[in-house]
Amino acid sequence: MKLNTKDFEEKMKKAISVYEENLGSIRAGQANAAVISKVNFEYWGAPTPITSMADIRVADAKTLTITPYDATTLKAMEKAILASDVGITPTNDGKIIRLVFPQPTEERRRELVKQIQKFGEDAKVAIRNVRRDANDLCKKMKKDGEMTEDEQKASEKSVQDLTDKYIKEVDAVTSKKEKEIMQI
């Protein structure tokens, strides 16, 4: 009985989607609402995502506007943005918070590329962990007599092929994003 690789492929796809989600949060000189997707503020004693309590719009290529549904939360949102790793100082006119994205310097671009590479490496580690889990299952199935040695080898090869495919996909996404950052 050969190993069913569908579950493991789904986990590898999940690692890729988490990686792409992380890339979306990288601030690269253009207004992007994803940069505040993970910023929470204190609302009625509970951490609350800004995205669920405000209308977030890209006003122009360099400006993001955040309009709270509840005006009393404006200061708390501004404070949370300042405390986060967004790296942009918000301006507040009493009704709206504005985030103006500066043009990245050469040094900032290099930092962004390093951040992209770190996210890429994390995704590769996650994919390799899925491979390890699949190979461990193959060994267990062989030991328990549920699979022959040939079936184990074939299963491990198909898992390795999946791993190679998704590692290449991470490399391609990383390369594309790096070029994008360096051209800004």
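See above for the structure.
To keep things clear, this report deals only with the structure shown in the data block. (Residues numbered from 1 in each chain as written. Predicted model: local features only at pLDDT ≥ 70, side-chain atom pairs only at ≥ 80, totals over all residues. Heavy atoms only, no water.)

### With respect to the sheet that holds strand β5 (residues 91-92)
- Reading across the sheet, the four strands line up as β3-β4-β6-β5 and stay open at both edges, with antiparallel pairing between neighbours. Whereas interior strands pair on both sides, the edge strands pair on one side only; in this sheet they are β3 (54-60) and β5.
- Taken strand by strand, helix α2 (residues 74-83) contacts β3, β4 (63-68), β5 and β6 (97-100), and its axis lies near 25° from that of β6. (Pairing = 2+ DSSP bridges. Helix = DSSP H or I, 4+ residues; strand = E, 2+ residues; numbered from the N terminus. Contact = heavy atoms within 4.5 Å. Axes fitted to C-alpha atoms, helices over the stretch in contact; angles between N-to-C directions.)

### Observations concerning the environment of D60
- In this fold, D60 is placed in strand β3.
- Separated by 14 residues in the primary sequence, D60 and A46 place their C-alpha atoms 32 Å from one another.
- Within polar-contact distance, the side chain of D60 engages the backbone nitrogen of K62 at 2.8 Å. (Polar contact = N/O pair within 3.5 Å; in protein donor to acceptor, adjacent residues only side chain to side chain.)

### Here's the deal with the packing of helix α1 (residues 6-24) against helix α3 (residues 106-143)
- Two elements in contact, α1 and α3, have axes whose closest approach is 9 Å; the angle formed by their N-to-C orientations is 170°. Comparing the axis directions of α1 and α3 gives the class roughly antiparallel. Each of F8, K11, M12, A15, I16, Y19, N22 and L23 in α1 lies in contact with α3, whose residues at this interface are I116, F119, G120, A123, A126, I127, V130, R131, D133, A134 and L137.
- Each residue belonging to the contact of α1 with α3 can be placed in one class, and the counts come to 14 nonpolar, two polar and three charged. (Parallel < 35°, antiparallel > 145°, perpendicular 65-115°, else oblique. Nonpolar A, V, L, I, M, F, W, Y, C, P; charged D, E, K, R; others polar.)

### Description of the packing of α1 against helix α4 (residues 149-182)
- At a closest axis distance of 10 Å, the pairing of α1 and α4 adopts a crossing angle of 10°. Between α1 and α4, the crossing angle belongs to the class labelled roughly parallel. For the pair α1 and α4, contact is made by E9, M12, K13, I16, Y19, E20 and L23 and by V159, L162, T163, K165, Y166, E169, V170, V173, T174 and K177, respectively.
- Looking at the contact of α1 with α4 residue by residue, the class counts come to nine nonpolar, two polar and six charged.

### Here's the deal with the pairing of β6
- By the alternation rule, side chains of β6 split into I97 and L99, which are all buried, and R98 and V100, of which none is buried.
- In this structure, β4 lies alongside β6, joined through four bridges in antiparallel fashion. Bridging across to β6, T65 finds its partner in R98.
- Here β5 hands over to β6 after four residues, with G94 in that stretch at a positive phi of 100°. (Buried < 20%, exposed > 50% of the residue type's maximum accessible area, 1.4 Å probe, protein only.)

Read these as spatial facts, not as claims about activity.
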